[in-house]
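# Architecture and fold: a report
Now for the letters of each chain:
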Amino acid sequence: MAMSWDLDRRSLVEACRLVRPALGTDLPIHQGIRIEFLDGELRIGASNSVMAIRTQVRAPDVAQGPALVVPGMVLTRFVESSEGDTLSLSMINGQMVIEAPGGRLRLVPFADELWPRPEVIEADAVTIADGDALQISRVLFAVASAGQVPSLMGVHLSSGKATATDKQRLAQAPFDADVASMIVPTGFLRVMLRDRGDQPVSIRVGHRRVGFATSDTAWESQTIPPPYPNVAPLLAQRASARLLEFDRALLARALEQLGVFGAADSHVQVTVAGANCELRVEHAEYGESLQEIEIGGSWSGEI
């Protein structure tokens, strides 16, 4: 017996976009998007060996039906490139057929039982306010790049602090949510912070796994095994360190000017003389860029 429903195309496009970061490449089943048919909605998800993302599309005409796992990027490219506001989705003889104005796509599904189900995290949820999410996002620049110590390739959340370091840079920001100590993979965290929009986020922490959720989308990932480096001694040195205070707008403009060479690995030489600070970037082939701004405090020397 064939079943057919009309769906809002833009909603389906957005759902595919949200779950796409969890599509894997190692196994064919990890390349699939799972569509579950429930009364009044579609639940759409992608899952690989590390990350899982689930969201939903409201569809009042949809009735309960079997779940199908279909090739994710094929589905995504078709719905994105289709025209019109509505798509017709049918299930015929165990296959999915999507019709758009002037086009039709038939998909042979993967075996649903092979699709990797995310582990259910039973812990109570803790709400992360919008301000907390902003604080966590502020430390991402200091995370180590691929190929370094695994624990440094994530953000350490513990005791109301988000910490990131690549051994050259160190960033720490406080937040209010009371969460258990864990190291969250940076790529996963960037996806969640980007796609949550302005919605409040809840967090659940399980054994080596963490889950974030808004009202309609959930992100889950393995955490990075501990330990995380003890950065407390470095941060304790701040009490005796010299403090440079800058006008934020002046500093931002100076750094923009220093970036004219476009070299991501450029080092900024900082020289302090009285109430002025000289910032200099040298390029081996093109020359140098120099900016001078006022600071709070008075001392001399090179940093």
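Structure shown above.
Since we're looking at a predicted model, the values are computed, not measured.

Looking at chain direction, strand S7 (residues 95–100) and strand S8 (residues 103–107) are connected through 5 bridges and run antiparallel. Across the sheet, the residue bridging to methionine 96 is leucine 107, located in S8. Joining the antiparallel neighbours S7 and S8 is a turn of 2 residues, in which glycine 102 adopts a positive phi near 80°.

We now examine the pattern of salt bridges. For side chains of opposite charge, pairing can occur when their charged atoms come near one another. In this structure the tally under the stated criterion is 15 salt bridges. Close ionic contact of arginine 34 with aspartate 112 constitutes a salt bridge, the shortest N to O distance being 2.7 Å. On the criterion of sequence distance, the pair formed by arginine 34 in strand S2 (residues 32–38) and aspartate 112 in the loop between S8 and strand S9 (126–128) is long-range, its members being 78 residues apart. Across the pair, exposure class does not vary: arginine 34 and aspartate 112 are buried alike. Glutamate 41 is paired through a salt bridge with arginine 43; the nearest N and O atoms lie 2.8 Å apart. Of the residues examined, glutamate 41 reaches a relative accessible area of 15% and is grouped as buried. Residue arginine 43 is classed as partly exposed on the basis of its relative accessible area, which comes to 43%. Residues joined by salt bridges that share partners form a network here, namely Glu14, Arg17, Arg194 and Asp195.

So, on to helix H2 (residues 72–81). Of all the residues in H2, the buried ones are Gly72, Leu75, Thr76, Phe78 and Val79. Take H2 and look down its axis: the buried residues cluster within an arc of 170°, on one side only. Structural note: H2 exposes Arg77 and Ser81 on the side pointing more than 90 degrees away from its buried face. Where H2 is buried, its residues contact helix H1 (9–19), S2, strand S5 (68–71), strand S6 (86–92), S7 and S8.

Quick look at the sheet that holds strand S12 (residues 170–174) now. Taken in spatial order, the 4 strands line up as S12-S11-S10-S13 in an open sheet, and their pairing is antiparallel. A single partner strand is all that each edge strand has here, and the edge strands are S12 and strand S13 (182–185). Across the sheet, the mean angle separating the axes of adjacent strands is 25° when strand polarity is ignored. Packed on one face of the sheet, helix H4 (residues 186–195) meets strand S10 (154–158) and S13 and runs near 75° to S13.

Residues Phe37, Ile44, Leu75, Met96, Leu157, Leu189 and Phe212 are the most contacted members of the largest nonpolar core, which totals 61 residues. Aside from chain neighbours lying at most four places away, what touches phenylalanine 212 is Ile128, Phe188, Leu189, Met192, Val201, Ser202, Ile203, Thr217, Ala218 and Trp219. Membership of the second largest hydrophobic core comes to 10 residues, among which are Val270, Cys277, Leu279 and Ile293.

With respect to the helices and strands, glutamate 119 occurs in the loop between S8 and S9. Considering only alpha carbons, one finds glutamate 119 and leucine 87, 32 residues apart in sequence, at a separation of 32 Å. Excluding residues that lie within four positions of it along the chain, glutamate 119 makes contacts with Arg209 and Glu220.

About the thresholds
- Residues numbered from 1 in each chain as written.
- Predicted model: local features only at pLDDT ≥ 70, side-chain atom pairs only at ≥ 80, totals over all residues.
- Heavy atoms only, no water.
- Pairing = 2+ DSSP bridges.
- Helix = DSSP H or I, 4+ residues; strand = E, 2+ residues; numbered from the N terminus.
- Salt bridge = Lys/Arg side-chain N within 4 Å of Asp/Glu carboxyl O.
- Buried < 20%, exposed > 50% of the residue type's maximum accessible area, 1.4 Å probe, protein only.
- Arc of directions from axis to C-beta.
- Contact = heavy atoms within 4.5 Å.
- Axes fitted to C-alpha atoms, helices over the stretch in contact; angles between N-to-C directions.
- Core = buried A, V, L, I, M, F, W, Y, C linked by side-chain atoms within 4.5 Å.

Limitation: the analysis is restricted to geometry and does not speak to function.
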